[in-house]
Amino acid sequence: MKKIILLFTLVFGFNLASAQIDVIKKQIGETLKGRIISVDDNVIVFTYEGQDVPYTIAKNAVEKITYGRTGQVVQTSNKIAVNGQADWAKVVILENLENTKGLEVGQQIGTSDDLANYDSGNTAVVKRLKMEAARLGYQFVLVTTDVSSNRTAYVYKY
């Protein structure tokens, strides 16, 4: 009888411990298991199961989070389907490198010369960037400015 109680306690304890693992499901279907440390407007900070090192992933790269303790499922972003230049309006312009963590970087599509008139309100430059990204099959464009005010644009996808 003591062995049965001990076995039941071990099995129940193992199930309880594994049920507290959070699961991050990426837009590409990959799952990451660990513990969510924090979630803000743009990124998720987590540790992998069995590790203490914090990792950051952009919400853009994540479909949903399933919290192990509560079982709550939180949809973090909708997948953007870009199937050619006709889908250019779906492309998202990003201006913060943090928002690309977990995404795959592609080629450079803009330099300082191309982006001289860039600002988030310049519709002609923004449209050109989005159309090029869509033509290449990418969902995101990262536009950055360095300390010398040089701008670059790179495409990113899931």
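Check the entry above for the structure.
Rules behind the numbers
- Residues numbered from 1 in each chain as written.
- Predicted model: local features only at pLDDT ≥ 70, side-chain atom pairs only at ≥ 80, totals over all residues.
- Heavy atoms only, no water.
- Pairing = 2+ DSSP bridges.
- Helix = DSSP H or I, 4+ residues; strand = E, 2+ residues; numbered from the N terminus.
- Axes fitted to C-alpha atoms, helices over the stretch in contact; angles between N-to-C directions.
- Salt bridge = Lys/Arg side-chain N within 4 Å of Asp/Glu carboxyl O.

Peer 1: For this particular structure, what's the right way to read the pairing of strand E4 (residues 54–58)?
Peer 2: A regular strand places its side chains so that they alternate between the two faces of the sheet. Here strand E3 (residues 43–48) pairs with E4 via five bridges, running antiparallel. Within E4, the position partnered with phenylalanine 46 by the bridge is tyrosine 55. Linkage of E3 to E4, two consecutive antiparallel strands, is achieved through a turn of five residues, within which glycine 50 is found at a positive phi near 85°.

Peer 1: Help me out: how do you make sense of the sheet that holds strand E6 (residues 73–75) in this one?
Peer 2: Whether parallel or antiparallel, the strands of a sheet pair through hydrogen bonds between backbone atoms. Read from one edge to the other, the open sheet built from six strands follows the order E4-E3-E2-E1-E5-E6, with strand pairing classed as antiparallel. In this open sheet, the two strands that pair with only one neighbour each are E4 and E6. Averaged over all neighbouring strand pairs, the angle between strand axes comes to 40°, with direction disregarded. Relative to E3, strand E2 (residues 31–39) runs antiparallel, the two sharing five bridges. What sits directly across from glycine 34, in E3, is tyrosine 48.

Peer 1: Would you take a moment to explain the pattern of salt bridges for this structure?
Peer 2: Two side chains with opposite charge may pair up if their charged atoms get near one another. Summed over all chains, the structure comprises five salt bridges. Here glutamate 98 makes a salt bridge to lysine 101, at a shortest N to O gap of 3.3 Å. One salt bridge in this structure joins glutamate 132 and arginine 135, with 2.7 Å as the shortest N-O distance. Residue glutamate 132 and its partner arginine 135 are located together in helix H2 (residues 123–136), separated by three residues, close to a single helical turn.

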